[in-house]
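Residues per chain are reported as follows:
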Amino acid sequence: MVVEVLALSLPAPASQWERVSSSHQASTRGVMEMAAPELRVGNIACLDKLLQTTGFPRESHQRSKSCINHRHFSSWLEPYSLFEGKGPPEKYSSCVKAFVATGAQDSDRKLLVANEKIGVLLLNLGGPETLDDVQPFLFNLFADPDIIRLPRLFRFLQKPLAQFISVVRAPKSKEGYASIGGGSPLRKITDAQAEELRKALEAKNVPAKVYVGMRYWHPFTEEAIEQIKKDGITKLVVLPLYPQFSISTSGSSLRLLESIFREDEYLVNMQHTVIPSWYQREGYIKAMANLIEKELQNFESPGEVMMFFSAHGVPLAYVEEAGDPYKAEMEECVDLIMEELERRRIRNAYTLAYQSRVGPVEWLKPYTDETIIDLGQKGIKSLLAIPISFVSEHIETLEEIDVEYKELALESGIEKFRRVPALGCEPLFISDLADAVIESLPYVGAMAVSNLEARQSLVPLGSVEELLATYDSQRRELPPPVVVWEWGWTKSAETWNGRAAMLAVLVLLVLEVTTGQGFLHQWGVIPSVH
């Protein structure tokens, strides 16, 4: 098979540098179809050995535009004669990308799907469809150990605590959902995206069934998996509907899949791959640019509009301590969109900020609300909000941006405020997602063992567990996105809940010592003195 390497750049840390994309930006962790059997595609371990053998450097976790130079890259490849022809690559991209051109035609697609039942699993957060769903939805959210992490000794309190928080927060959350029509439209939009994706795949001669799996509401991921098993799917492409990868979004869904896969022999042996991010794909970039260009025309002076990219935030520790690629991918995504707009002679000023932070822990900066106030103080009069991390309308676009941030902008002196709509079922976007699925099919691989712990190094780069190992190796030590309750003198003791808990313990100890009475005396922990 003739393989053309187009680009490779490795600005990732040692725990992440393996992350690569395949087949014209498919972003599927397949690397290349190498001639040597021991260097088979999808083998993260042997690529690691190959680079170690050649002394290829692993760079620090810094977002960088630099790429491997021709001389270095050629000298790395030449001794192995892995590729058809020699010479340096001609095209480059940043942020850990290796694009491989396979030249698959319709006949190749027929070979890929022959006698196979192809399935595509779309992953998303989920949302309450009615006001009555709000409290149980919040319960599911806070019952997730990745949202609230209790010490091992107190994990039996996970569900009671989730019940308490969901009941307390439900009234305010209901107000937000009531303001956007009484529920989240996320399920309807995602179902529509799934149907359009199915049609696009069929039009490209790849018949497939498309499933929707939500993390915290119906249809739950578990429900989708059960249907996948009933339909006898043999090749599964997992596609999170988050353009950029984060261990707090895609990672949470992948952790759930990992636990489901471990418990089911059928799933362990089912061939699958994951497309963990696809923000750099041409179709996505052009679809976003189309929406931005169209919305700019609604301003009297389009060239004077400040373009405000607003992304969902994540705790800073995810990026700095665990090497979450989210920030680097988000920044590159904005750069790629601006490059596309510049080709259209749109050169507006722009900025990027992060919204939806919750709790007192530090999140990615700059914050959206603070940035809006700052822009108003600087005299910006026209602002175009661009939800860069969302492909569907939901409460964070319809209520947080359209209502809360719009009011804040007007109060800050900004006179014109508009928002670019989410991509939804834009034909160019859906068609590109279909291409991403098709391009990922050659890299679908089977785990081939019933015990995941016993698996050897021949692991598909896009497998669920390998992605978790690469991006979330420290997930047990990470602070939760919302620090609500955690005992001890830890970072979360900075929260009011933590302080209250510690204060309560101190008060009880003081009472025990000063009065000589209490359960510690009764249990003999503190001896009574008469």
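Predicted model only: the values in this text are computed from it and were never measured. (Residues numbered from 1 in each chain as written. Predicted model: local features only at pLDDT ≥ 70, side-chain atom pairs only at ≥ 80, totals over all residues. Heavy atoms only, no water.)

Some words on the overall build of the chain
So, step 1. Scanning the chain from N- to C-terminus turns up 18 helices and 10 strands.
So, step 2. Per-residue burial over the chain gives 55% buried out of 530 residues.
So, step 3. The contacts of the chain with a sequence gap of at least 6 include a subset with a gap of at least 24, amounting to 79%.
So, step 4. If you sum the accessible surface of the chain, you get close to 24100 Å²; carbon and sulfur atoms cover 54% of it. (Helix = DSSP H or I, 4+ residues; strand = E, 2+ residues; numbered from the N terminus. Buried < 20%, exposed > 50% of the residue type's maximum accessible area, 1.4 Å probe, protein only. Contact = heavy atoms within 4.5 Å. Areas by Shrake-Rupley, 256 points an atom, 1.4 Å probe, with all protein chains shown as cover.)

Section: the nonpolar core
So, step 1. Grouped together as the largest cluster of nonpolar side chains are 62 residues, with contacts concentrated most on Tyr284, Ile292 and Ile388.
So, step 2. Core analysis: the next-biggest nonpolar cluster, separate from the first, contains 24 residues, Ile228, Leu254, Leu257 and Leu267 among them. (Core = buried A, V, L, I, M, F, W, Y, C linked by side-chain atoms within 4.5 Å.)

Considering a nonpolar patch on the surface
So, step 1. A contiguous nonpolar surface patch, about 250 Å² in accessible area, is contributed by Val507, Leu508 and Leu511.
So, step 2. Along the polypeptide, leucine 508 turns up in helix α17 (residues 496-515). (Patch = residues over 30% accessible without salt bridge, like charges linked within 9 Å, V, L, I, M, F, W, Y side chains within 5 Å. Salt bridge = Lys/Arg side-chain N within 4 Å of Asp/Glu carboxyl O.)

Some remarks on the pairing of strand β10 (residues 416-419)
So, step 1. Here β10 shows one buried face, formed by Phe417 and Arg419, and one open face, formed by Lys416 and Arg418.
So, step 2. Where strand β9 (residues 382-387) lies against β10, four bridges are found, and the strand directions are parallel. Residue pairing across strands places leucine 383 opposite phenylalanine 417, the latter belonging to β10. (Pairing = 2+ DSSP bridges.)

Quick look at the pattern of salt bridges
So, step 1. What the rule picks out here adds up to 23 salt bridges.
So, step 2. With a closest N to O distance of 3.5 Å, arginine 262 and glutamate 258 form a salt bridge. With a gap of four residues between them, arginine 262 and glutamate 258 both fall in helix α8 (residues 250-262), about one helical turn apart.
So, step 3. Judged by its relative accessible area of 9%, glutamate 258 falls in the buried class.
So, step 4. Each of Glu293, Glu340, Arg343 and Arg344 takes part in a single network of salt bridges with overlapping partners.

Structural notes on helix α4 (residues 134-142)
So, step 1. When we look at burial in α4, the residues that qualify are Val134, Phe137, Leu138, Phe139, Leu141 and Phe142.
So, step 2. Its buried side turned inward, α4 meets α5 (158-179).

Some points on the environment of glutamate 362
So, step 1. Checked against the element boundaries, glutamate 362 lands in the loop between β8 (350-355) and α13 (368-377).
So, step 2. Glutamate 362 gets classed as partly exposed once you look at its relative accessible area, which sits at 43%.
So, step 3. The sequence separation of glutamate 362 and valine 314 amounts to 48 residues, and the corresponding C-alpha distance is 8.9 Å.
So, step 4. In contact with glutamate 362, not counting residues within four places along its chain, are Pro315, Leu316 and Tyr367.

What about the sheet that holds strand β6 (residues 271-274)?
So, step 1. Spatial strand order, β4-β3-β5-β6: four strands in an open sheet with parallel pairing. Both outer strands of the open sheet, β4 (209-214) and β6, are each paired with one neighbouring strand and no more. Averaged over neighbouring strand pairs, the angle between their axes works out to 20° when direction is ignored.
So, step 2. Note: strand β3 (residues 118-124) against β4, six bridges, orientation parallel. Each residue of the ladder has a partner; that of valine 120, found in β4, is valine 210. (Axes fitted to C-alpha atoms, helices over the stretch in contact; angles between N-to-C directions.)

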